[in-house]
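Tertiary structure, described
Below are the chains, spelled out letter by letter.
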Amino acid sequence: MPASRTVLLTGAAGGLGTLMRDLLPGHGHELRLLDMRPVEGAPEAIVADLADRDALREAVRGVDAIVHLAGISLEASFDKILAANIQGTYNLYEAAREEGVGRVVFASSNHAVGYTPRPRGDDPLIPIDTPRRPDTFYGLSKCFGEDLAQLYWDKHGIETVSVRIGSCFPEPTSVRMLSVWMSPADGARLFHAALTAEGVGHTVVHGSSANTRLWWDLTSARALGYAPQDDSEPYAEKLLAEQGELDPGNPAHTCLGGPFLTDPPIWPY
Ligand code: NAI
Ligand code: 15L
């Protein structure tokens, strides 16, 4: 696949969308923006809900690929998750199919497998084929998105890289995040690799930096050409001094999904 030219970025007004709006053009991608909210500083952005199938069809027309970030990004009621993340992602794939878009990068999440115990000591890293163990309706919607991607590859030939993102923020803010943090610059590197690698079919990858305290295996991401440059370790001393080591007696500290395991979430995570 040639370096992609025009990419539709959904969720462009959100936290990750704002970071990627700045960073992806540096990798040679020209962005078309979409969100249900206006995108600050981008009056040309398409303001549309994922429920609006006509607007989605128009939005994807002529793009080479889609980076799909839009949706509810935390736990919510099943009805809300159903509308935005499940029906909305289906609507977007249908628009892609109707308009002949060949590649999607889907923002999946660690919460698709959030009940997976975190490795301790000499335990092996969590493999990419670890069984699904969603920790929320939110995580369940990411499982759906990954399966939808597989269906649209097998049945319609639309390729997807599903990125199970750890925590992509400017800095890690918790001891857990030392293990799952993806720096914004590495996020852009990974999305770029996912947009341009050849023959991905449907590939699932873990999305994080090359953290010293990594919990999961990055092999399938590296196979796309992703070469992470960052490590959360410089933040470790300060975060450990503030929050202490992870506590095996705290459910939010025992599994990959951290605070999403508890209701309400345990802070910090
Ligand atoms: P965010 O909540 O900041 O942004 C999501 C954006 O989607 C918002 O701007 C919102 O207006 C838009 N949106 C929500 N429902 C919509 C709808 N029905 N139609 C159109 N737009 C809609 O979330 P963030 O952090 O930017 O995450 C982006 C994506 O990456 C999400 O899908 C999230 O689940 C996923 N993700 C993010 C992680 C992170 O560390 N930031 C970790 C794992 C996954
Ligand atoms: C996610 O999936 C969320 O969208 C994000 O806001 C963070 O909570 C992240 O996971 C995380 O696990 O830290």
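Scroll up for the structure.
This report concerns the structure included in the present document. (Residues numbered from 1 in each chain as written. Chains lettered and ligands numbered in written order. Predicted model: local features only at pLDDT ≥ 70, side-chain atom pairs only at ≥ 80, totals over all residues. Heavy atoms only, no water.)

With that settled, consider the overall build of the chain. What the chain contains, in helices and strands, is nine helices and seven strands. Whereas a compact globule of 269 residues would reach a radius of gyration of roughly 18 Å, the chain reaches 18 Å, a difference of no more than 12%. Its C-alpha atoms put the chain at 50 × 40 × 40 Å along the principal axes. Here the chain, with 269 residues, has 55% of them falling under the buried criterion. Counting only contacts in the chain whose residues sit at least 6 apart along the sequence, the fraction spanning at least 24 positions is 69%. Counting only carbon and sulfur atoms, one obtains 53% of the accessible surface of the chain, whose full area is about 11600 Å². (Helix = DSSP H or I, 4+ residues; strand = E, 2+ residues; numbered from the N terminus. Rg over C-alpha atoms; globule rule 2.2 N^0.38 Å. Buried < 20%, exposed > 50% of the residue type's maximum accessible area, 1.4 Å probe, protein only. Contact = heavy atoms within 4.5 Å. Areas by Shrake-Rupley, 256 points an atom, 1.4 Å probe, with all protein chains shown as cover.)

Bringing the site of ligand 2 into the picture now. The environment of ligand 2 is made up of 12 residues, and the closest members are Ser 73, His 111, Tyr 138, Ser 167 and Arg 176. Contact distances for ligand 2 include 3.1 Å between an oxygen atom and a side-chain N or O atom of Asn 110. Measuring from an oxygen atom of ligand 2, one finds a side-chain N or O atom of Ser 167 at 2.5 Å. When the free accessible area of ligand 2 is taken as 320 Å², the share hidden by the protein chains comes to 89%. Residues of the shell around ligand 2, tallied by class, amount to five nonpolar, six polar and one charged. (Near = heavy atom within 4 Å. Polar contact = N/O pair within 3.5 Å; in protein donor to acceptor, adjacent residues only side chain to side chain. Nonpolar A, V, L, I, M, F, W, Y, C, P; charged D, E, K, R; others polar.)

Turning our attention to the sheet that holds strand S3 (residues 46–47). Taken in spatial order, the seven strands make up an open sheet running S3-S2-S1-S4-S5-S6-S7, and their pairing is parallel. If you trace the sheet from one side to the other, it starts and ends with S3 and strand S7 (202–207), each paired once. The pairing of strand S2 (residues 30–35) with S3 spans two bridges and is classified as parallel. Residue Leu 34 lies in a different strand from S3, and its bridge partner there is Ile 46. Packing against the sheet, helix H2 (residues 53–60) makes contact with strand S1 (6–10), S2, S3 and strand S4 (65–68), and its axis sits at approximately 170 degrees to S2. Helix H3 (residues 78–99) rests against S1, S4, strand S5 (103–109) and strand S6 (159–165) of the sheet, and its axis sits at about 175 degrees to S4. (Pairing = 2+ DSSP bridges. Axes fitted to C-alpha atoms, helices over the stretch in contact; angles between N-to-C directions.)

Right, let's get into the site of ligand 1. In the neighbourhood of ligand 1, 25 residues make up the surrounding shell, with Leu 16, Asp 35, Ser 73, Tyr 138 and Cys 168 lying closest. Asp 35 places a side-chain nitrogen or oxygen 2.6 Å from an oxygen atom of ligand 1. Contact with the protein chains removes 89% of the 820 Å² of surface that ligand 1 exposes when unbound.

A grouping of Phe 78, Leu 82, Phe 137 and Leu 140 is seen on the molecular surface, where their side chains present a nonpolar patch of about 320 Å² in accessible area. Contributing elements (two or more residues each) for the nonpolar patch: H3 and helix H4 (137–156). Along the chain, Leu 140 falls in helix H4. Classification of Leu 140 by relative accessible area gives partly exposed; the value is 39%. (Patch = residues over 30% accessible without salt bridge, like charges linked within 9 Å, V, L, I, M, F, W, Y side chains within 5 Å. Salt bridge = Lys/Arg side-chain N within 4 Å of Asp/Glu carboxyl O.)

What follows covers the pattern of salt bridges. Summed over the entire model, instances satisfying the criterion amount to 14 salt bridges. Across the pair Arg 213 and Glu 233 runs a salt bridge, and its minimum N-O distance is 2.9 Å. Of this pair, Arg 213 sits in the loop between S7 and helix H7 (219–222) while Glu 233 sits in the loop between H7 and helix H8 (236–243), and the two are 20 residues apart along the sequence. Residue class for Glu 233 comes out partly exposed when judged on its relative accessible area of 26%. Note that Glu 242 and Lys 238 form a salt bridge whose closest N and O atoms lie 3.2 Å from each other.

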